[in-house]
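Coordinate inspection notes
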Amino acid sequence: MPYAQLISLDLGASRQHRIGAFRAAHRAVTATDGDSIAAWLAVGHSLLPERAERPRHLKRMPSFTGDVLDPAQSHGDLLLQVTGTSAQAVSKAADQTLDALPQWRVRWRMAGLRPENRTQDGRGLARNPFHFTEGYGNPATSAGTADRAIVTGAQSEPSWAVGGSYQVVRIIRLATDFWDRDTIHEQERIIGRRRDGRWLDGTPSTERPVFPTDPQGKITPLDAHVRRAAPDRRNPPPMVRRGYNYRGGDDDQGLIFSCFQRDLAKGFEAVQKRLEGEAMAKYLLTTGGGYFFVPPPGDDWINAVS
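Because the structure is predicted, anything quoted here is derived from the model rather than measured.

Concerning the overall build of the protein
Tallying secondary structure elements over the protein gives eight helices and twelve strands in all. Its C-alpha atoms give the protein principal-axis dimensions of about 60 × 45 × 35 Å. Each of the 306 residues in the protein was classed as buried or not, and the buried ones make up 52%. Sequence separation of 24 or more characterises 74% of the internal contacts of the protein that already satisfy a separation of 6 or more. Of the roughly 14100 Å² of accessible surface on the protein, a fraction of 50% belongs to carbon and sulfur atoms. For the protein, the distance from the average site of its 40 positive side-chain charges to the average site of its 35 negative ones is 3 Å.

See below:
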């Protein structure tokens, strides 16, 4: 679905009433989800009591190199995500859901869009504000997606978390005017792909380039985004991406980066560490977002975390 709203919520009522607040949120989202709207909740670490069985990796999102996190646009007790086929339908569904949640107050709210949203070779693709297509690195099958994103019983996670997923949200302001001054050739070398998705060595977008045959980075620079993010294309990062473009004003536009994984350390955090010093860093400024955990279907998790 090409339109989305991500809404971070804080519990306004007493924390002793978190079970009732969680149940109200679950009911509201269940009523919203369906037909042309898909909606879900994700839990932030801040609302889980110390005695609760917490997902092992769930914590407050740290500030990484180059981040300038705005507290008013970061973190939260609960994340509500509503997606749909039109901006109007998503906004209406989000408002109706919030109306049913008087116990919760909005911490931050972002609307996003996936231009040229489509499925190709099993992968969901869209055009980002830098004019490049995103999504080629995602799995092409639902089984592949589950293998990267869904927590299993073999991970020493709480039993209630099995079937859930760690969701990372990053609000990234992009210097699009600065970027557009570069030639397309320069942009492609910074990304490490052609605008149409092909690799710089001519490999089709659906196949894997062999970076070891270019050890000096003469074809694909060593600091190119895709090479830093996934240096071994035979073993891609164990996460699934789903980003949305946002526009907050003439000088504030960018990407609502979102990814899902079964292991936060091996997924997003490992990639983020490798990206330090990438050529694209000077065009990016992360100003918000957070770490959340999407519970498995049903409401059994509520008693476990309350």
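Overview of the environment of Val 226
Relative to the elements of secondary structure, Val 226 occurs in helix 6 (residues 225-229). Owing to a relative accessible area of 10%, Val 226 belongs among the buried residues under this scheme. Considering only alpha carbons, one finds Val 226 and Phe 293, 67 residues apart in sequence, at a separation of 26 Å. Not counting residues up to four positions away in its chain, the partners in contact with Val 226 are Ile 191, Gly 192, Arg 193, Trp 199, Phe 211 and Arg 233.

Looking at the nonpolar core
A general trend in soluble globular proteins is that nonpolar side chains are found buried together. In terms of nonpolar packing, the biggest core is built from 58 residues, with Phe 22, Trp 104 and Phe 268 touching the most fellow members. The greatest single-element share of this core, amounting to six residues, is contributed by helix 1 (residues 18-32). In contact with Trp 104, other than residues within four places in its own chain, are Leu 9, Asp 10, Leu 11, Gly 12, Ala 21, Phe 22, Ala 25, Leu 47, Asp 77 and Leu 78. Core analysis: the second largest hydrophobic core is formed by 16 residues, Ile 171, Val 240, Phe 260 and Val 294 among them.

A word on the sheet that holds strand 6 (residues 123-127)
Ordered by their spatial adjacency, three strands build an open sheet running 5-6-7, and the pairing between neighbours is antiparallel. The outermost strands of the open sheet, each flanked by one partner alone, are strand 5 (118-120) and strand 7 (133-134). As defined by bridge partners, strand 6 adjoins strand 7 across two bridges and the pair is classed as antiparallel. Across the sheet, Ala 126 pairs through a bridge with Glu 134, a residue of strand 7.

What to know about the side chain of Ser 8
In this structure, Ser 8 sits in strand 1 (residues 3-11). Not counting the four nearest positions on each side in its chain, Ser 8 is found in contact with His 75, Gly 76, Leu 78, Leu 79, Arg 105, Val 106, Arg 107 and Trp 108.

The rules behind these values
Residues numbered from 1 in each chain as written. Predicted model: local features only at pLDDT ≥ 70, side-chain atom pairs only at ≥ 80, totals over all residues. Heavy atoms only, no water. Helix = DSSP H or I, 4+ residues; strand = E, 2+ residues; numbered from the N terminus. Buried < 20%, exposed > 50% of the residue type's maximum accessible area, 1.4 Å probe, protein only. Contact = heavy atoms within 4.5 Å. Areas by Shrake-Rupley, 256 points an atom, 1.4 Å probe, with all protein chains shown as cover. Lys, Arg positive; Asp, Glu negative; His and termini not counted. Charge placed at Lys NZ, Arg CZ, Asp CG, Glu CD. Core = buried A, V, L, I, M, F, W, Y, C linked by side-chain atoms within 4.5 Å. Pairing = 2+ DSSP bridges.

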